[in-house]
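Close look at the chain arrangement
Here is how the chains run, residue by residue.
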Amino acid sequence: MLVLGLESSCDETGVALFDTEGGLLAHRIHSQIAMHTEYGGVVPELASRDHIRRVLPLTEECLSEAGKQLADVDAIAYTAGPGLAGALLVGASVANALGFALQKPVIEVHHLEGHLLSPLLSEPKPEFPFVALLVSGGHTQLMAVRGIGQYELLGETVDDAAGEAFDKSAKLLGLGYPGGPALSKLADSGDPTRFKLPRPMLNSGDLDFSFSGLKTAVLKLVNEQSPIDDTTRADICAAFQEAIVDVITKKCLAALKQTGMQRLVIAGGVGANRQLRAGLDEAARRRKLKVYYPPLALCTDNGAMIAYAGAMRLQYARDSYGYGAKPRWDLASLPAV
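Quick caveat: nothing in here was measured; it's all calculated off a predicted structure. (Residues numbered from 1 in each chain as written. Predicted model: local features only at pLDDT ≥ 70, side-chain atom pairs only at ≥ 80, totals over all residues. Heavy atoms only, no water.)

On to the side chain of N273. Relative to the helices and strands, N273 is located in the loop between β9 (263-267) and α9 (274-287). A relative accessible area of 8% means that N273 is categorised as buried. Residues in contact with N273, not counting those within four places in the same chain, are F166, S184 and Q241. (Helix = DSSP H or I, 4+ residues; strand = E, 2+ residues; numbered from the N terminus. Buried < 20%, exposed > 50% of the residue type's maximum accessible area, 1.4 Å probe, protein only. Contact = heavy atoms within 4.5 Å.)

Pasting the structure below:
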């Protein structure tokens, strides 16, 4: 079965073709970073309009690369939520219009399930059960995953997500938008021991996260060190990143111990962070655990994860067409496959 996947939940337009027998055949991503940089953040209306411009040309590119025609597609999967309402509606309308025109079924995909399952597109891929860390600009969650649709929330952030804390702290340091990648790059040249930053909820006894206080600590440092030279900026970045990695690593190990599982899966944009990967890999090596990541190209929002998740949920494909979106959608509410 050939599944076309469409992702348009925020500021990346993703399209992919996944074959249940041949695997991932093609995928394309268009990032809107350059457009939103002028405004210092995502402008929802502009994001929606850009998805409209990009989605069909990207679809044509994927079909061409895979040597397929639209008529070869057996089902169309699209991100139905969560995300920006207007952006989601673009994917929903295109998917349903294609489904109606081709008389092919459509599949609603949960954005976070797409991320959660994306490491299954890599080799070697993890076997169930595993603990999953969903870590991105909008989410920081630990889930016990026993199968597709069998998700138990173990812990989540009570305020800012890790990626959000990266971006906000970067803005405080004058690094522009999007700040997370710039902060991580600058941290490589910094001294993480020069400044001591807090590790929020490190010893809370549960699996929840909090990063708002860490961001406030960065603001305090910025005010104390003003004006900031390049060396000081790099040292603050290094201290901030190390604090995030320490908290996430300890919480992941605690989740594995609590569940008795031996496999950890990392998904989401922050999962591409080099120091986070190094910290988790080293911790796993010491404890003889296994850590799995999606390919770097599939850490951010992408159509490949949507096409794959759709292929796993073909039994829920529908032949009725509409234009609904779910800006808020509980991952635990999904049915098991």
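Further notes follow.
Before going further, it helps to spend a moment on the nonpolar core. L6, L116 and Y151 are the most contacted members of the largest nonpolar core, which has 52 residues in total. When residues of this core are sorted by domain, at least three fall in each of domain 1 (2-116 + 298-333) and domain 2 (127-293). Setting aside chain neighbours within four positions, we find L116 in contact with F130, A132, L134, M143, V145, Y151, V265, A267 and L331. Core analysis: the second largest hydrophobic core is formed by 49 residues, V135, L173, I248 and L253 among them. (Core = buried A, V, L, I, M, F, W, Y, C linked by side-chain atoms within 4.5 Å. Domains from an automatic or database assignment.)

What follows covers the UniProt feature "binding site: substrate" (unreviewed entry) in the protein chain. Under the UniProt annotation, "binding site: substrate" (unreviewed entry) lies at L134, V135, S136, G137, G138, D167, G180 and N273. If you trace the backbone, G137 turns up in the loop between β6 (130-135) and β7 (140-147). If near-sequence neighbours (up to four positions away) are discounted, G137 is found in contact with A161, G163 and E164. Of note, G138 is situated in the loop between β6 and β7. Given the relative accessible area of 55%, G138 is considered exposed. (UniProt positions renumbered as here; feature names shortened; annotations may be inferred.)

We now examine the packing of helix α7 (residues 212-225) against helix α8 (residues 230-259). Viewed as axis vectors pointing N to C, α7 and α8 meet at an angle of 165 degrees, and their least axial separation amounts to 11 Å. In terms of their interaxial angle, α7 and α8 are classed as roughly antiparallel. For the pair α7 and α8, the crossing hand works out as right-handed. Residue-level inspection shows L214, V218, L221 and Q225 of α7 in contact with α8, the latter providing T232, I236, F240, A243 and I244. (Axes fitted to C-alpha atoms, helices over the stretch in contact; angles between N-to-C directions. Parallel < 35°, antiparallel > 145°, perpendicular 65-115°, else oblique. Left-handed = near helix turned anticlockwise from the far one by under 90°.)

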